[in-house]
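Commentary on secondary and tertiary structure
Listed below, chain by chain, are the residues.
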Number of protein chains: 2
Amino acid sequence: MLLHLPATRSSTSVTGGISRRMLTLNLRRLERDGLLVRTVYPTVPPKVEYSLTPMAQELHASLTGLVGWAERHRAAITEARAAYDTLTKQEPDAD
Amino acid sequence: MLLHLPATRSSTSVTGGISRRMLTLNLRRLERDGLLVRTVYPTVPPKVEYSLTPMAQELHASLTGLVGWAERHRAAITEARAAYDTLTKQEPDAD
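Since we're looking at a predicted model, the values are computed, not measured. (Residues numbered from 1 in each chain as written. Chains lettered and ligands numbered in written order. Predicted model: local features only at pLDDT ≥ 70, side-chain atom pairs only at ≥ 80, totals over all residues. Heavy atoms only, no water.)

**Section: the overall build of chain A**
Quick reminder of the rule: Only DSSP runs of H or I with at least four residues qualify as helices, and only runs of E with at least two residues qualify as strands; both kinds are numbered from the N terminus onward. When checking whether two residues touch, look at their non-hydrogen atoms; a contact exists if any pair is within 4.5 Å. Only the protein chains shown count as cover for residues, and all accessible areas are computed by the Shrake-Rupley method using a 1.4 Å probe.
Summing up its helical and strand segments, chain A has 2 helices and 5 strands in all. What you see in chain A, going N to C, is helices and strands ordered as β-β-β-α-β-β-α. Summarising the internal contacts of chain A: among those between residues at least 6 apart in sequence, 31% fall at separations of at least 24. With an accessible surface of roughly 6,300 Å², chain A has 63% of that area assigned to carbon and sulfur atoms.

Here is the structure:
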């Protein structure tokens, strides 16, 4: 998984709803935590590439599992809430 | 995985650092979301038992995976941060 960034500082363009400054800050934090490796290529203009470390790929798998759980059970949770609300209206505060 | 609760309302005893009221509220939410099943036994005093639903057991596995990741990599993250801080002191703002 690679992320390429135009190295031009001036661009304050927004990338996917996040400003360049916020994107850079977050990438720096991930790099500092050992989750990203940053490679600068001496092209003109210079190209900056971020790649996931093995540790980050493991985290990605764990998070994907969690997101998968949520997507698989979204409907069941909505139904459980509706059933619970109906039931507790009939027998308020049974505890 | 089962949780037994003394059914007495009066006890405002704290369980593991959480008040009985907060514990009951959180258990109700989890029950409402379909993650817990609540069984009341007609003993004297009545006994209330909470058990995980299959959906909750799946979530538990996902969360355990995430916690496991954090515990496995705690040291590596600390080292990565120290190395990054040393490096960025030498070449501030190389981006």
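**Considering helix H1 (residues 20-32) of chain A**
All names here are of chain A. How we decide: Given a helix with a known number of residues, its expected span is that number minus one, times 1.5 Å. The rule is simple: take the accessible area with a 1.4 Å probe, protein chains only, and divide by the maximum for that residue type; under 20% is buried, over 50% is exposed, in between is partly exposed. Note: the arc covers the axis-to-C-beta directions of the helix.
Look at H1: 18 Å from first C-alpha to last across 13 residues, which is about the 18 Å you get at 1.5 Å a residue. The complete set of buried residues in H1 reads Arg20, Leu23, Thr24, Leu27 and Glu31. Down the axis of H1, the sector holding all buried residues measures 95°, keeping them to one side. Downstream of H1 by one or two residues, Gly34 has phi in the positive range, about 85°.

**A word on the relation of the copies chain B and chain A**
Basically, it comes down to this: Residues reaching a pLDDT of at least 70 in both copies supply the C-alpha atoms on which the copies are superposed by least squares.
When chain B is fitted onto chain A, the two copies agree to an RMSD of 0.0 Å after a turn of 180° and an axial shift of 0.0 Å. On the angle and the small slide along the axis, the relation comes out as a two-fold axis. Minimal C-alpha distance to the rotation axis in chain B is attained by Ser62 of chain B, lying at 3.4 Å. Comparing contact sets, 97% of the residues at the interface of chain B also lie at the interface in chain A, consistent with an isologous, same-surface contact.

**Some details on the pairing of strand E5 (residues 47-52) of chain B**
Residue and element names in this part refer to chain B. Test applied: We call two strands paired when DSSP finds no fewer than two bridges between them.
Two strands pair when backbone bridges link them, and strand E4 (residues 36-41) and E5 are joined in this way by 6 bridges, in the antiparallel orientation. Bridge pairing links Leu36 to Leu52 in E5. In this structure, the hairpin formed by E4 and E5 is closed by a connection of 5 residues.

**Thoughts on the interface of chain B and chain A**
Filter applied, for reference: Buried area, as used here, totals the accessible surface that two parts lose on assembly, with accessibility defined by a 1.4 Å probe and the loss added over both. The rule for a salt bridge is simple: a side-chain nitrogen of Lys or Arg has to be within 4 Å of a carboxyl oxygen of Asp or Glu. Under the rule applied, a polar contact is a pair of N or O atoms within 3.5 Å (in protein, one hydrogen donor and one hydrogen acceptor; residues adjacent in sequence only if both atoms are side-chain atoms).
With 30 residues of chain B at the contact, the number on the chain A side is 29 residues. Of the roughly 2,900 Å² buried at the junction of chain B and chain A (both faces included), carbon and sulfur atoms supply 50%. Our count for the chain B to chain A interface comes out at 6 salt bridges. Residue Glu58 of chain B pairs with Arg72 of chain A through a salt bridge whose shortest N-O separation is 2.6 Å. Summed over the shared surface of chain B and chain A, the result is 12 residue pairs in polar contact (both at pLDDT 80 or more).

**Let's talk about the packing of aromatic side chains**
Applied cut-off: The rule is short: rings of Phe, Tyr and Trp, with Trp giving its six-membered ring, pair when the centres are within 6.5 Å, and they are stacked under 30 degrees, edge-to-face over 60, tilted in between. Sitting over a ring, as applied to charges here, requires NZ of Lys or CZ of Arg to be within 6 Å of the ring centre and within 35 degrees of the ring normal.
Under the definition given, this model contains 0 aromatic pairs over all chains. The lysine or arginine in question, Lys47 of chain A, covers the ring of Tyr41 of chain A, its NZ or CZ lying 4.6 Å from the ring centre.

**Describing unusual backbone geometry**
Each neighbour pair has its own omega, and for Val44 of chain A with Pro45 of chain A the value is -5°, a cis peptide bond. Here Pro45 of chain A shows up in the loop between strand E4 (36-41) and strand E5 (47-52).

**Some words on the pattern of salt bridges**
Counted by the stated rule, this structure contains 6 salt bridges over all chains. Measuring nitrogen to oxygen at the nearest pair gives 2.5 Å for the salt bridge that ties Arg81 of chain A to Asp33 of chain B. With Arg81 of chain A in helix H2 (residues 54-90) and Asp33 of chain B in the loop between helix H1 (20-32) and E4, this pair bridges two chains. Classification of Arg81 of chain A by relative accessible area gives partly exposed; the value is 34%. On the basis of relative accessibility, which here comes to 17%, the residue Asp33 of chain B falls in the buried class.

**Quick look at the confidence of the model for chain A**
To keep it simple, the criterion reads: Across the chain, each position has a pLDDT score giving the predictor's confidence in that residue, from 0 to 100.
Across chain A, pLDDT averages 85, with 77% of residues at or above 70. Mean pLDDT per element in chain A: strand E2 (residues 14-15) of chain A is the minimum at 58, and H2 of chain A is the maximum at 94.

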